[in-house]
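# Notes for the structure review
What follows is each chain in one-letter form.
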Amino acid sequence: MAPAISISLNDSSDVTDFVIKQGHGVKGLSERGIKSLPEQYIQPLEERLMTRIEPQESIPVIDMSKWDDAQVTNSICDAAEKWGFFQVVNHGVPLQVLDDVKKATYGFFGLSAAEKIKYSKENSSSNNVRFGTSFTPQVEKALEWKDYLSLFYVSDEEAAALWPPVCKDQILEYMKSSKFLIDHLLQVLMKRLNVNEIDETKQSLLTGSVRTNINYYPICPNPELTVGVGRHSDVSTLTVLLQDNVGGLYVRGNEGEDSWIHVPPINGAIVINIGDALQILSNGRYRSVEHRVTANGSSNRISVPIFVNPRPQDMIGPLPETLANGEKPIYKQVLYSDYVKHFFRKAHDGKKTVDFAKFTN
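These remarks concern the structure in this document. The structure presented is a predicted model; accordingly, all values stated were derived computationally and were not measured. (Residues numbered from 1 in each chain as written. Predicted model: local features only at pLDDT ≥ 70, side-chain atom pairs only at ≥ 80, totals over all residues. Heavy atoms only, no water.)

### Quick look at the pairing of strand 3 (residues 85–89)
Among the 5 residues that make up strand 3, 5 are buried, leaving the element largely enclosed by the rest of the structure. The two faces of strand 3 match: Phe85, Gln87 and Val89 on one face and Phe86 and Val88 on the other face are all buried. Where the polypeptide runs from strand 2 (residues 61–63) across helix 4 (residues 70–82) and back to strand 3, its parallel neighbour, the crossover connection is right-handed. Bridge analysis of strand 3 against strand 11 (residues 270–274) gives 4 bridges, and the strand direction is antiparallel. Along strand 11, the bridge assignment pairs Phe85 with Asn273. (Buried < 20%, exposed > 50% of the residue type's maximum accessible area, 1.4 Å probe, protein only. Helix = DSSP H or I, 4+ residues; strand = E, 2+ residues; numbered from the N terminus. Right-handed = clockwise from strand over helix to strand, strands pointing away. Pairing = 2+ DSSP bridges.)

Next comes the structure, spelled out in structure tokens:
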């Protein structure tokens, strides 16, 4: 049983101190059995309502067992153009690796607050290792019901030295086991853009840096009043997402602004999201997917995304091959680190970040 603590849910500073400064996160609030949602987590009505839920039948699920089959490669590119995401099965990542990283995620979030807070922004020995809650609490009008650990990969040596021992080996194995899948998907997607050879420069733009998050969405007392993650698209090239069997991931549909589709968990499947960087590199041919996560009133949920990105020092803009036929560039050249900083300076706001790279009249 959790120890009794004195915390006033009507005092926002009291809640902030408990959740953020003491490192308990929203998991700590949930485990105290709170009966109502603290007011700083209550989202505006327009952020929590999804007025139009579309059927799931048309969600692309791609069997990768025949990697080079023309039907498979066409399905990948078609999904990237129309949907901005797809699920893959028979993808080559061992199921044991996926199970191990899920267990390791629960292992990290099962640590005490004192153990987790060592990795917070204020205490972590590296900016590449970060434990936190919500998205960017200092700029958000309403907080999201999520805790996370973010790990920017530099080398195996740094990971061994700085990543939490309870989960570092499993996350590294998940990243390494996903590399063939990532490389193959990008080769397929590049070929449709008439990029037939991925040289060192393009490889950097596509996969120059990698970050992995482990996310924890605890049981919420009033899930209808808040969100697990607000509306956004990823700033990555690709996001490789492992979700558990709880559900709650929604993507923006193709049937209008209020159209949302639940992405049902499939045992052993991985969700692939197209990120903003690939939308920009493809001059808009591939589109990043706007997505969100609902809060849950009865089950804890975890997810583990791998974000594959350009390097911070790379300039991103439409690849020359996308303009070879005289197509006008939609996006200008921007420094990737500037793009990412712009993303993290504000609360989640749908796909507005991509406007940062657009040409303006």
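### Side note on the sheet that holds strand 7 (residues 229–232)
Strand order in the open sheet made by the 5 strands is 1-10-9-12-7, with mixed pairing throughout. Edge positions in the sheet fall to strand 1 (52–54) and strand 7, since each of these pairs with one other strand and no more. Looking at each pair of strands side by side, their axes are set apart by 30° on average, direction ignored. The pairing of strand 1 with strand 10 (residues 259–262) spans 3 bridges and is parallel. Each bridged residue has a counterpart across the sheet, and for Ile53 the counterpart in strand 10 is Trp260. (Axes fitted to C-alpha atoms, helices over the stretch in contact; angles between N-to-C directions.)

### Describing unusual backbone geometry
Even without being glycine, Ser134 reaches a positive phi, approximately 60°. Take Ser134: it is sitting in the loop between strand 4 (129–133) and strand 5 (147–153). Assessed through its relative accessible area of 1%, Ser134 is described here as buried. With a phi close to 55°, Asn283 is a non-glycine residue in the positive phi region. Relative to the helices and strands, Asn283 is located in the loop between helix 10 (276–281) and strand 12 (291–293).

### Some details on the sheet that holds strand 5
Read from one edge to the other, the open sheet built from 8 strands follows the order 2-3-11-8-13-6-5-4, with strand pairing classed as mixed. Every other strand in the sheet has two partners, leaving strand 2 and strand 4 as the edge strands with one partner each. Going across the sheet, the axis of each strand differs from the next one's by a mean of 20°, ignoring polarity. With respect to the sheet, helix 9 (residues 200–207) is in contact with strand 6 (209–217) and strand 13 (301–309), its orientation differing from that of strand 13 by roughly 155°. (Contact = heavy atoms within 4.5 Å.)

### Digging into the pattern of salt bridges
Applying the stated criterion across every chain yields a total of 13 salt bridges. Residue Arg192 pairs with Asp78 through a salt bridge whose shortest N-O separation is 2.7 Å. Of this pair, Arg192 sits in helix 8 (residues 168–192) while Asp78 sits in helix 4; the two residues are 114 residues apart in sequence, bridging distant segments of the chain. Note that Lys358 and Asp355 form a salt bridge whose closest N and O atoms lie 3.6 Å from each other. Residue classification places Lys358 among the partly exposed positions, given a relative accessible area of 30%. (Salt bridge = Lys/Arg side-chain N within 4 Å of Asp/Glu carboxyl O.)

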